[in-house]
Amino acid sequence: VYTSKEVLMREDWRIMYSMTWGKLYKAALWKDVRFPKNCRYFQDGATVFKALYQADKILKTDMKLYYYYYSPESATRSSMSEFKCRCGLLTCTEKIEFYEQRQEKELLDMAYVGYVNIILKNIGRSKYCENPVAFKKEMKELYKKHYMRAVKNKKLSKIQRLKYIIYRICPELQDAYIKVKMKIKG
């Protein structure tokens, strides 16, 4: 059993808590939470944290209580595009604004970690954009502007913070690092 803040502070659970699926919620948590209309992709990332934020407690279990239907034609499995990349950024800025309004400094710091991670992913995804050179340059400038928020985050390990410094020099390394990491995990 965890508090909402304990769950939202876990960088290693960031992907898990960003998705709508795989969770059972009290309906009341969604009373004032709506999916953004201006974002067709990654809407979960702009909303789930708001529902979790309101929870008094969160129970994590390995029990199989939920069946997920994997659809190869789903929106998130469609090919990457600049619009999709920008939707990913929008979900992060939604989170940043939410925590700023509530003066949640620690959660805000973690939201910036997610933000710089999406920026790094977008650098790797720039090849799918209409003007890849301009988009990549824009993402590198965004990263340069915000990466220190992740480097200064004492909740992250020294190795994680060092990676953000290395990615400042060569952000393309993040894409290669993820590929190697996924091969090792098997």
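Predicted, not measured: the structure shown is a model, and the values here were computed from it.

### Here's the deal with the packing of helix H4 (residues 82-101) against helix H6 (residues 132-151)
Next, step 1: Where H4 meets H6, the axes come as close as 12 Å, and the angle between the chain directions of the two elements is 15°. Taken together, the axes of H4 and H6 lie roughly parallel to each other. Classified by chirality, the crossing of H6 by H4 is left-handed. Between H4 and H6, the contacting residues are Glu-82, Cys-85, Arg-86 and Leu-89 on the first element and Phe-135, Glu-138, Met-139 and Leu-142 on the second.

### Things to note about the pattern of salt bridges
Next, step 1: For the structure shown, the criterion picks out ten salt bridges.
Next, step 2: A salt bridge links Asp-109 to Arg-149; the shortest N-O distance between them is 3.3 Å. Of this pair, Asp-109 sits in helix H5 (residues 105-125) while Arg-149 sits in helix H6; the two residues are 40 residues apart in sequence, bridging distant segments of the chain.
Next, step 3: We note a salt bridge from Glu-172 to Lys-136, for which the minimum N-O separation is 3.3 Å. In this pair, Glu-172 is assigned in helix H8 (residues 172-185) and Lys-136 in helix H6, connecting sequence segments 36 residues apart.
Next, step 4: For Glu-172, a relative accessible area of 30% translates into the label partly exposed.
Next, step 5: In this structure, a network of salt bridges that share partners links the residues Lys-5, Glu-104, Glu-106 and Lys-155.

### Side note on the nonpolar core
Next, step 1: Of all hydrophobic cores here, the largest spans 43 residues; its most connected members are Leu-89, Tyr-99, Tyr-115, Ile-119, Met-139, Tyr-143 and Tyr-164.
Next, step 2: Residue assignment for this core shows that the elements contributing at least two residues are helix H1 (4-8), helix H3 (43-54), H4, H5, H6 and helix H7 (158-169).
Next, step 3: The element contributing the most residues to this core is H5, with twelve residues.
Next, step 4: Setting aside anything within four residues of it in sequence, one finds Leu-89 in contact with Tyr-115, Ile-118, Ile-119, Asn-122, Met-139 and Leu-142.

### Some details on the packing of H6 against H7
Next, step 1: Two elements in contact, H6 and H7, have axes whose closest approach is 9 Å; the angle formed by their N-to-C orientations is 165°. The angle between H6 and H7 places the two elements in the roughly antiparallel class. In this structure, the crossing between H6 and H7 has a hand that is left-handed. Counting all contacts with H6, which are made through Tyr-143, Lys-144, Tyr-147, Ala-150 and Val-151, the residues of H7 involved are Arg-161, Tyr-164, Ile-165, Tyr-167 and Arg-168.
Next, step 2: Partitioned by chemical class, the residues of the contact of H6 with H7 number seven nonpolar, no polar and three charged.

### So, the confidence of the model for the protein
Next, step 1: Averaged over every residue, the pLDDT of the protein is 87; the share at 70 or more is 95%.
Next, step 2: Across the protein, H6 holds the top mean pLDDT of 94, while helix H2 (residues 14-18) sits lowest at 67.

### As for the packing of aromatic side chains
A ring pair, where both rings are aromatic, is described by two values, the distance of the centres and the angle of the planes.
Next, step 1: As enumerated under the stated definition, the model contains ten aromatic pairs in all.
Next, step 2: Here the aromatic rings of Tyr-112 and Tyr-115 are separated by 6.2 Å at their centres, their planes lie at 75°, and the arrangement is edge-to-face. Of this pair, Tyr-112 and Tyr-115 both sit in helix H5, separated by three residues, roughly a single helical turn.
Next, step 3: The lysine or arginine in question, Arg-102, covers the ring of Phe-98, its NZ or CZ lying 3.6 Å from the ring centre.

### As for the side chain of Thr-47
Next, step 1: Looking at the secondary structure, you find Thr-47 in helix H3.
Next, step 2: Look past the residues within four positions of Thr-47 in its chain and what remains in contact with it is Trp-30, Val-33, Arg-34, Phe-35 and Pro-36.

### Remarks on the environment of Arg-34
Next, step 1: Looking at the secondary structure, you find Arg-34 in the loop between H2 and H3.
Next, step 2: C-alpha separation for the pair Arg-34 and Leu-52, spaced 18 residues apart in sequence, amounts to 13 Å.
Next, step 3: Among the polar contacts listed, one links the side chain of Arg-34 to the backbone oxygen of Trp-30, at a separation of 2.9 Å.
Next, step 4: A polar atom in the side chain of Arg-34 sits 3.3 Å from the backbone oxygen of Lys-31.

The rules behind these values
Residues numbered from 1 in each chain as written. Predicted model: local features only at pLDDT ≥ 70, side-chain atom pairs only at ≥ 80, totals over all residues. Heavy atoms only, no water. Axes fitted to C-alpha atoms, helices over the stretch in contact; angles between N-to-C directions. Helix = DSSP H or I, 4+ residues; strand = E, 2+ residues; numbered from the N terminus. Parallel < 35°, antiparallel > 145°, perpendicular 65-115°, else oblique. Left-handed = near helix turned anticlockwise from the far one by under 90°. Contact = heavy atoms within 4.5 Å. Salt bridge = Lys/Arg side-chain N within 4 Å of Asp/Glu carboxyl O. Buried < 20%, exposed > 50% of the residue type's maximum accessible area, 1.4 Å probe, protein only. Core = buried A, V, L, I, M, F, W, Y, C linked by side-chain atoms within 4.5 Å. Nonpolar A, V, L, I, M, F, W, Y, C, P; charged D, E, K, R; others polar. pLDDT = per-residue confidence, 0-100. Phe/Tyr/Trp six-rings, centres within 6.5 Å; stacked < 30°, edge-to-face > 60°. Lys NZ or Arg CZ within 6 Å of the ring centre and 35° of its normal. Polar contact = N/O pair within 3.5 Å; in protein donor to acceptor, adjacent residues only side chain to side chain.

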